[in-house]
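Structure assessment
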Amino acid sequence: MADLTVLQQSIGYFFRNRSLLRQALTHPSMGGNHNQRLEFLGDAVLELCISEKIFAMHPEMQEGAMTQLRQKLVREEKLAQAAQTIRLGEYLLMDKSCMHNGGRQNPSVLCDAFEAVLAAVYLDGGMDDARAMVEKLIGDCSETGENDAKSALQEYLQGMGRPMPAYQTVGEEGPPHNRIFTAAVMVEGREAARGTGTSKKRAEQEAARTALAMMKGSGE
């Protein structure tokens, strides 16, 4: 298993009871004390964290819209992306058959492991630490959403009479099967923000989301 200190730095939490973290990282293919029970609990903890955030951030939003936004934020693709960002697959304990069949990159496996780690944080540190992990790795629960941050930034700039943004890939790291990309968004020839992701597209979306939040926050 890879160094758990690095993983704990990535999630922003250091365990008092590291056996909880080891259990969260144990795939059912290993038998014994695996992570399925923690995954069950983590799913509920995640839903509560996201629900609280949406409720607080969008006082005008009705139940149906809140439910749709929550579903978008807790879907398998979103959680697997968060897991890939912290390279969670590298830490999983699984049998050789599962590993050779791509288990470390399987979105369903990564999603379950992410929820299991969240449950372990909740059991070890409490709800505040679980919320902090969700805030760090899932995002701000904005209505814009992952898939249209670039469009939202473009519309914001156009509304101010400014030119379209441009994007540049400024970094790549990690093994070929688990690359992490860094993208910069350029506004009027100057770097406005950077973002990281498991693809160039996702890195650009993160850069756009960060730039938009910074511009709105500063009134630029």
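Scope of this entry: the structure provided in the associated data block. (Residues numbered from 1 in each chain as written. Predicted model: local features only at pLDDT ≥ 70, side-chain atom pairs only at ≥ 80, totals over all residues. Heavy atoms only, no water.)

**Topic: the environment of Ile-180**
Here Ile-180 lies in strand E2 (residues 180-187). The class for Ile-180 is buried, based on a relative accessible area of 7%. Taking the C-alpha atoms as reference, Ile-180 lies 19 Å from Glu-76; in sequence the two are 104 residues apart. (Helix = DSSP H or I, 4+ residues; strand = E, 2+ residues; numbered from the N terminus. Buried < 20%, exposed > 50% of the residue type's maximum accessible area, 1.4 Å probe, protein only.)

**Things to note about helix H10 (residues 200-218)**
Helix length check: H10, at 19 residues, gives a terminal C-alpha distance of 27 Å against a target of 27 Å (1.5 Å per residue), a fit within 8%. Those residues of H10 that are buried lie in contact with helix H9 (149-159), strand E1 (166-173), E2 and strand E3 (190-197). (Expected span 1.5 Å × (residues − 1). Contact = heavy atoms within 4.5 Å.)

**Quick notes on the nonpolar core**
Counting 45 residues, the largest nonpolar core has Leu-7, Ile-11, Leu-25, Leu-88 and Phe-114 as its most contacted members. Of all the secondary-structure elements, those providing two or more residues to this core are helix H1 (4-11), helix H2 (18-24), helix H3 (36-57), helix H4 (63-73), helix H5 (76-85), helix H7 (107-125) and helix H8 (127-137). Ranked by residues supplied to this core, first place goes to H7 with 11 residues. Excluding residues that lie within four positions of it along the chain, Ile-11 makes contacts with Ile-86, Val-117, Val-121, Met-133, Lys-136 and Leu-137. In terms of nonpolar packing, the next biggest core, distinct from the first, is built from 12 residues, Leu-153, Val-185, Val-187 and Ala-211 among them. (Core = buried A, V, L, I, M, F, W, Y, C linked by side-chain atoms within 4.5 Å.)

**Describing the packing of aromatic side chains**
All chains considered together, the criterion is met by 1 aromatic pair. On the basis of an interplanar angle of 90 degrees and a centroid distance of 5.0 Å, the ring pair of Tyr-13 and Phe-15 is categorised as edge-to-face. The positively charged end of Lys-150 is found above the aromatic ring belonging to Tyr-167, 4.6 Å away from the centroid. (Phe/Tyr/Trp six-rings, centres within 6.5 Å; stacked < 30°, edge-to-face > 60°. Lys NZ or Arg CZ within 6 Å of the ring centre and 35° of its normal.)

**Digging into the sheet that holds E1**
Across the sheet, which stays open at both edges, the 3 strands sit in the order E1-E2-E3 with antiparallel pairing between neighbours. Edge positions in the open sheet fall to E1 and E3, since each of these has one partner strand only. Direction aside, the axes of adjacent strands within the sheet are offset by 25 degrees on average. Two elements, E2 and E3, share 7 bridges in a ladder whose sense is antiparallel. Among the inter-strand pairings, Ala-183 is bridged to a residue of E3, identified as Gly-195. Where H10 meets the sheet, its contacts fall on E1, E2 and E3, and the angle it forms with E3 comes to roughly 130 degrees. (Pairing = 2+ DSSP bridges. Axes fitted to C-alpha atoms, helices over the stretch in contact; angles between N-to-C directions.)

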